[in-house]
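# Chains, contacts and geometry: an overview
Spelled out from the first residue to the last, the chains are:
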Amino acid sequence: MTKSFRTLDDVDVKGKRVLLRVDLNVPMENGRVTDATRLERVAPTITEISDKGGKVILLAHFGRPKGRDAKDSLKPVAAALGQVIKKPVAFADDCIGEATAKAVGAMKDGDILCLENTRFHKEEEKNDPAFVAELAKLGDIWVNDAFSAAHRAHASTEGLGHKLPAYAGRTMQAELDALGKALEAPTKPVIAIIGGAKVSTKIDLLENLVSKVDALVIGGGMANTFLHAQGVSVGKSLAEKDLAATALRIMEKASAANCAIILPVDAVVAYHFAANSPSHAYGLDAIPADGMILDVGPQSTARIHAAIDDAKTLVWNGPLGAFEMTPFDRGTMVAAKHAAERTKAKKLISVAGGGDTVAALNQAGVANDFSYVSTAGGAFLEWMEGKPLPGVEVLKLR
């Protein structure tokens, strides 16, 4: 898929000032980075440009500041990044202006400089042309390696692509390759597992997927809405009963597109939404009126395994039950482990993404066994919904 994009293979970065947009939005506690996953993801692009003699100028946002705010400074993140890539990372107190231009001007080939949070300037999120121009003065080329921010048309994520020669970084390239293999040019049959609490947040996603996949497994709280729409009594379970007509419309669309919808046939029910609450598996015709469905049952799990076995490609977003509480994590855990086994056996291409999904795969200990796990929450979802992503569109060869 990346044939339609320029990548680092298409440019000689030696001696060039490379404005590199990265995702440094990492979790912090008391001024320390608590999870360096995103830093590790961008490390290959940074070190490659540096090793090839490019001047690496890092652009990134952190948090949602309203103007300059010390707690949202990238300074401690830059220090942590230096430890990850085992190279010194200098820091500039702003991302535009005279002092920043001076710091860039003093760089030698291979140097790395992290600029301060782009969102300290309100013009960043407005994609303000004058702000874009100020940023563009600092670089010769622009490399976008932040797929997680690609659904935003901001100055540093999209605007620069119109001012400077634009390239995809290695993380962006890997993400686009993986996503292309998952839905745009997949090895069929394709199955999608979509879970989570609410249908309302995933209507666009479901409507796009039914026209692209051969089977769609619906789990989590959102499955209850579909079951309710079909006349199943779901007791006190989480269900958006006002969306019954929407659920039926999605099912009709799936039927017209020859996409099999796989809903639970049994469920694990408890009376209290708490870890280790007494629970029992029931068939759908016997859900107690005062019970809550908190996970898929054993028969549903077997059906999901069979669907995974029939597939060549799997796209996964959202857990199948209340995975944050034992024993209601079981359905998600065993399905994740099954998909990981098929992937390791080279029988399945598996792509997963979204915050809860990544947490569930980590909990199951299989995140590294999937073909690709995207840490880009909103961008991954919008891509699955079939929406164009501004930060990707601007990279396309024209």
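Residues numbered from 1 in each chain as written. Predicted model: local features only at pLDDT ≥ 70, side-chain atom pairs only at ≥ 80, totals over all residues. Heavy atoms only, no water.

### So, the pattern of salt bridges
The line we're drawing: The term salt bridge refers to a side-chain nitrogen of Lys or Arg lying within 4 Å of a carboxyl oxygen of Asp or Glu. Put simply, DSSP marks the helices as runs of H or I at least four residues long and the strands as runs of E at least two long, and each gets a number from the N terminus on. Residue exposure (1.4 Å probe, protein chains only): buried if accessible area is under 20% of the type maximum, exposed if over 50%, otherwise partly exposed.
Here the structure, examined in full by the defined rule, presents 19 salt bridges. R21 is paired through a salt bridge with E124; the nearest N and O atoms lie 4.0 Å apart. In this pair, R21 is assigned in strand β1 (residues 17-21) and E124 in helix α4 (residues 123-126), connecting sequence segments 103 residues apart. For the pair R21 and E124, one class covers both residues: buried.

### Looking at the domain arrangement of the protein chain
A common way to express how large an interface is: the accessible area buried when the components associate. Rule in force here: In this entry, domain limits derive from an automatic or database-based domain assignment. The contact criterion used is simple: two residues touch if any of their non-hydrogen atoms lie within 4.5 Å. Accessible area that two parts lose when put together, with a 1.4 Å probe and added across both, is what the buried area reports. Polar contact criterion, stated in full: a pair of N or O atoms within 3.5 Å, where within protein one must be able to donate a hydrogen and the other to accept it, and residues adjacent in sequence count only if both atoms are side-chain atoms.
According to the domain assignment, the protein chain consists of domain 1 (17-171) and domain 2 (186-385). Each partner contributes residues to the interface: domain 1 has seven residues there, and domain 2 has ten residues. Together, the buried faces of domain 1 and domain 2 total about 650 Å²; carbon and sulfur atoms form 55% of this surface. It is R41, F147 and H151 in domain 1 that bury the most area against domain 2; as a group they hold 69% of the surface buried on that side. Inspection of the domain 1/domain 2 interface yields zero salt bridges. Between the two partners, domain 1 and domain 2, sit two residue pairs in polar contact (both at pLDDT 80 or more). Among the elements that make up the side of domain 1 that touches domain 2, the one with the highest residue count is helix α1 (residues 37-51) (three residues).

### Some points on the pairing of strand β10 (residues 215-218)
Selection criterion: At least two bridges found by DSSP between two strands is the condition for calling them paired. By convention, a crossover is right-handed whenever its connection, traced from the first strand over the helix to the second and viewed with the strands pointing away, goes clockwise.
The two faces of β10 match: A215 and V217 on one face and L216 and I218 on the other face are all buried. Note: strand β9 (residues 190-194) against β10, four bridges, orientation parallel. Residue pairing in the sheet places I191 in a bridge with A215 of β10. A crossover links β9 with its parallel partner β10, the connecting element being helix α7 (residues 203-209), and its sense is right-handed. Here β10 pairs with strand β11 (residues 260-262) via three bridges, running parallel. Its bridge partner lying in β11, V217 is registered against I262.

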